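Commentary on secondary and tertiary structure
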Amino acid sequence: MSFDIIKGMATTLKNMGRKPTTVSFPEEERQLPPRFRGRHVLHRYDNGLERCVGCYLCAGACPADAIYIEAQENTEEHRVSPGERYAQVFDVNMLRCIFCGYCQAACPTGAITLEKNYELASYYPEDLVYHKEQLLEPKGQSTIGSNEVWAEPAPSEAAQPVPQAQRLFDGSRASAAAVGLGNVTAERPVLLTNEEQDEDRRKL
Ligand code: SF4
Ligand code: SF4
């Protein structure tokens, strides 16, 4: 018996009594860290409206070009979100996604978060483009997801620019401005640092 075989057997014997580091998935599930980033979820307000206002910030922030959005105008007859627009199409390509969480960080309304769902396997690549219908919380369910872990709670005396305190869109002017209704006047003047560079900027 060569020395290499004895060495190998010794390693095997040494590890035989140790607790395994693997788990028997799916019967057993691994305890995930609190900031684990898995599959995306699109959230709603308590009143059923979708948080997403179709602003494309998440798609712009995505380093992997994994998010595809088509925004549509809300109308009084057909209001989907409290903002001017909503996402008619919202796709996330899980084959491109690197689960960096930039989309979650970029979203001004807490509409998209990465949750603890990691069961993403499929035999077909086209199944791994997740559509809005799969990502959106069902009606009657309103959560803010892992934002709870990520967001530092605001000081109690601070004015709430976004309706995070109540976890819902409360119809107030502040909430409306925060989620994209552009027809409210700013409380204080917006200072432009470079008039020439900023001349095309949308006036508040
Ligand atoms: S987690 Fe990162 S890579 Fe994935 S969709 Fe969001 S921004 Fe893009
Ligand atoms: S950043 Fe948020 S509100 Fe804007 S399109 Fe993405 S998910 Fe929707």
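The notes below deal with the structure included here. In this text the structure is predicted, and so the values were computed from the model without any measurement.

When you go through the protein residue by residue, the secondary structure sums to six helices and five strands. Listed N to C, the secondary structure of the protein is α-β-α-β-β-α-β-β-α-α-α in terms of helices and strands. Relative to its 204 residues, the protein shows a buried fraction of 31%. The long-range fraction of contacts in the protein, counting pairs at least 24 apart against all pairs at least 6 apart in sequence, stands at 70%.

Lining the immediate environment of ligand 1, one finds 13 residues, of which Cys-62, Cys-97, Cys-100, Gly-101 and Cys-103 sit closest. Looking at the shell around ligand 1 residue by residue, the classes come out as 11 nonpolar, two polar and no charged.

Moving on to unusual backbone geometry. Excluding glycine, most residues fall at negative phi; most peptide bonds, likewise, are trans. Backbone torsion omega between Phe-25 and Pro-26 reads 10 degrees, so that peptide bond is classified as cis. Its location among the elements puts Pro-26 in the loop between α1 (3-16) and β1 (40-42). Backbone geometry at Tyr-56 places phi at a positive 70 degrees, although glycine is not the residue there. By secondary structure assignment, the location of Tyr-56 is in the loop between β1 and α2 (57-61). In this structure Tyr-56 comes out as partly exposed when scored by relative accessible area, which is 35%. Residues other than glycine seldom take positive phi values, yet Phe-99 does so here, at roughly 55 degrees. The class of Phe-99 is partly exposed, set by a relative accessible area of 22%.

The subject of this paragraph is the pairing of strand β3 (residues 85-93). As paired elements, strand β2 (residues 67-73) and β3 share seven bridges and run antiparallel to each other. The partner of Ile-69 across the bridge, within β3, is Phe-90. Where β3 meets strand β5 (residues 129-130), two bridges bridge the pair, whose relative direction is antiparallel. Within the sheet, the bridge partner assigned to Asn-93 lies in β5 and is Val-129.

To continue, consider the nonpolar core. What tends to happen in soluble globular proteins is that the nonpolar side chains get buried as a cluster. In this structure, Ile-67, Ile-69 and Phe-90 are the most contacted members of the largest nonpolar core, which totals 20 residues. Among the secondary structure elements, those contributing two or more residues to this core are α2, β2, β3 and β4 (112-114). Ranked by the residues each element gives to this core, the list is headed by β3, at three residues. Apart from the residues lying within four places of it in its own chain, the contact partners of Ile-69 are Tyr-56, Cys-58, Ala-59, Ala-87, Val-89 and Phe-90.

Rules of the game
Residues numbered from 1 in each chain as written. Chains lettered and ligands numbered in written order. Predicted model: local features only at pLDDT ≥ 70, side-chain atom pairs only at ≥ 80, totals over all residues. Heavy atoms only, no water. Helix = DSSP H or I, 4+ residues; strand = E, 2+ residues; numbered from the N terminus. Buried < 20%, exposed > 50% of the residue type's maximum accessible area, 1.4 Å probe, protein only. Contact = heavy atoms within 4.5 Å. Near = heavy atom within 4 Å. Nonpolar A, V, L, I, M, F, W, Y, C, P; charged D, E, K, R; others polar. Pairing = 2+ DSSP bridges. Core = buried A, V, L, I, M, F, W, Y, C linked by side-chain atoms within 4.5 Å.

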